[in-house]
Amino acid sequence: MSQLNSFSVVTSSLTLAGNTSYLNGKKDTELLIGTKGVVSVAVNGKNFQLKMGDVLAVFPGDIIHGTKPTSIPSEFTWIHFVNQDHLQLTTHYPKENELQKEVPIPRFFHIDEYQRIMVLINQILDISHSNFMNNLAADYSVSGLLLELANDYFHQINNESFDENNTNRIKEWIRLNMNEHLTTEAVANHFNMSQDCLMRLFRNVEKKSVKEYLNEVRLIQAKFLLLTTDLSIQEIAYRSYFTDNKYFFLELLSGTIT
């Protein structure tokens, strides 16, 4: 487990061609994230096969070595970070109150949100090769990555259903990409789903339609603007991505937006 504080990071994307062996005797923690093929390694004598989407953590003092050459082109991203605060190795998952200040990273697990994690890793790679005036950008980006990894694992061990996980991912994308043209069809196309499949998913998990959720997000934005700005009603409707002003006024009059 790691307490969030300050991190320094070195990143690299590697192709493993044969056996390697070394002692991680420094104070940095390393994360190996499989991106292609199969990489066979051992940490402290325990064997692991790193495949696409797998995460292997190597902590200070661990001994890691390749167990056999790769038979197919295999790649992984290798991230080093230095935790400036307390690092604790444990055999149990922390209690709920401990999760407010600690970030548990398991030795080995498979991430569900692979594309999301890789976006964060690519951001870290970009930051590490940029000429920032200090390390704060890298610190925050690595902190964000660790939180996402911990959150991914948390939902797995708490048995969040596949449908719930997919629905939460879609809802987050909708919130981030809301605009006046966003429709059920556009959302379904983005996630390579049929509209029927998407609507059934939302009905089963959210007990509402996709259209209802889209309007809910717009109404939340409208409420925020009503409370925090002096904009006109027409301008708030526009900035909340309502194309149907009549519907917006009816919601306003009904007290939905208060």
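Right above here is the structure, for reference.
All figures in this text were calculated on a predicted structure; none of them were measured in a lab.

K.L.:
Give me the lowdown on the overall build of the protein chain, citing residues and values where you can.
P.N.:
Counting secondary structure elements, the protein chain contains 8 helices and 11 strands. Here the protein chain holds 258 residues, and 40% of them are scored as buried. Split by element, the accessible area of the protein chain, about 14800 Å² in all, is 52% carbon and sulfur.

K.L.:
Help me get a handle on the packing of aromatic side chains, residues and values and all.
P.N.:
What the rule picks out here adds up to 7 aromatic pairs. Considering the side-chain rings of Phe 48 and Phe 108, the 5.2 Å spacing of their centres and the 40° angle between planes classify their relative orientation as tilted. A residue pair is termed long-range when its members are at least 10 positions apart, and Phe 48 in strand S6 (residues 46–51) and Phe 108 in strand S11 (residues 108–110) qualify at 60 residues. Assessed through its relative accessible area of 9%, Phe 48 is described here as buried. Residue Phe 108 is classed as partly exposed on the basis of its relative accessible area of 30%. An aromatic cluster is built from Phe 242, Phe 248 and Phe 249, whose rings are joined through pairwise contacts.

K.L.:
Would you mind going over the packing of helix H1 (residues 114–128) against helix H2 (residues 136–157) in detail, with residue names and values included?
P.N.:
Running from N to C, H1 and H2 cross one another at 165°; their axes reach a closest spacing of 10 Å. By the angle class used here, H1 and H2 are roughly antiparallel. Crossing angle aside, the handedness with which H1 passes H2 is left-handed. Counted together, Arg 116, Ile 117, Leu 120, Ile 121, Ile 124 and Ile 127 of H1 and Ala 137, Ala 138, Ser 141, Val 142, Gly 144, Leu 145, Glu 148 and Leu 149 of H2 form the full contact between these two elements. Looking at the contact of H1 with H2, its residues break down into 10 nonpolar, 2 polar and 2 charged.

K.L.:
So, H1: which residues are in play, and what are the values?
P.N.:
Taking 1.5 Å as the rise per residue, H1 with 15 residues should run 21 Å; its terminal C-alpha atoms sit 21 Å apart, in good agreement. Every buried residue belonging to H1 is among Tyr 114, Ile 117, Met 118, Leu 120, Ile 121, Ile 124, Leu 125 and Ile 127, and all of these are buried.

K.L.:
Hey, could you go over the side chain of Ser 209 for me, with residue numbers and the actual values?
P.N.:
Structurally, Ser 209 is set in the loop between helix H5 (195–206) and helix H6 (210–228). Judged by relative accessible area, which is 15%, Ser 209 ranks as buried. Beyond its immediate stretch of four places on either side in the chain, Ser 209 contacts Phe 202 and Arg 203.

K.L.:
Can you break down unusual backbone geometry residue by residue, with the values?
P.N.:
Even without being a glycine, Asn 44 presents a positive backbone phi close to 55°. Locating Asn 44 in the fold gives a position in the loop between strand S5 (38–43) and S6. Judged by relative accessible area, Asn 44 falls into the partly exposed class, the value being 45%. Positive phi is not limited to glycine here, since Lys 207 has a value of about 60°. Along the chain, Lys 207 turns up in the loop between H5 and H6.

Quick notes on the rules
- Residues numbered from 1 in each chain as written.
- Predicted model: local features only at pLDDT ≥ 70, side-chain atom pairs only at ≥ 80, totals over all residues.
- Heavy atoms only, no water.
- Helix = DSSP H or I, 4+ residues; strand = E, 2+ residues; numbered from the N terminus.
- Buried < 20%, exposed > 50% of the residue type's maximum accessible area, 1.4 Å probe, protein only.
- Areas by Shrake-Rupley, 256 points an atom, 1.4 Å probe, with all protein chains shown as cover.
- Phe/Tyr/Trp six-rings, centres within 6.5 Å; stacked < 30°, edge-to-face > 60°.
- Axes fitted to C-alpha atoms, helices over the stretch in contact; angles between N-to-C directions.
- Parallel < 35°, antiparallel > 145°, perpendicular 65-115°, else oblique.
- Left-handed = near helix turned anticlockwise from the far one by under 90°.
- Contact = heavy atoms within 4.5 Å.
- Nonpolar A, V, L, I, M, F, W, Y, C, P; charged D, E, K, R; others polar.
- Expected span 1.5 Å × (residues − 1).

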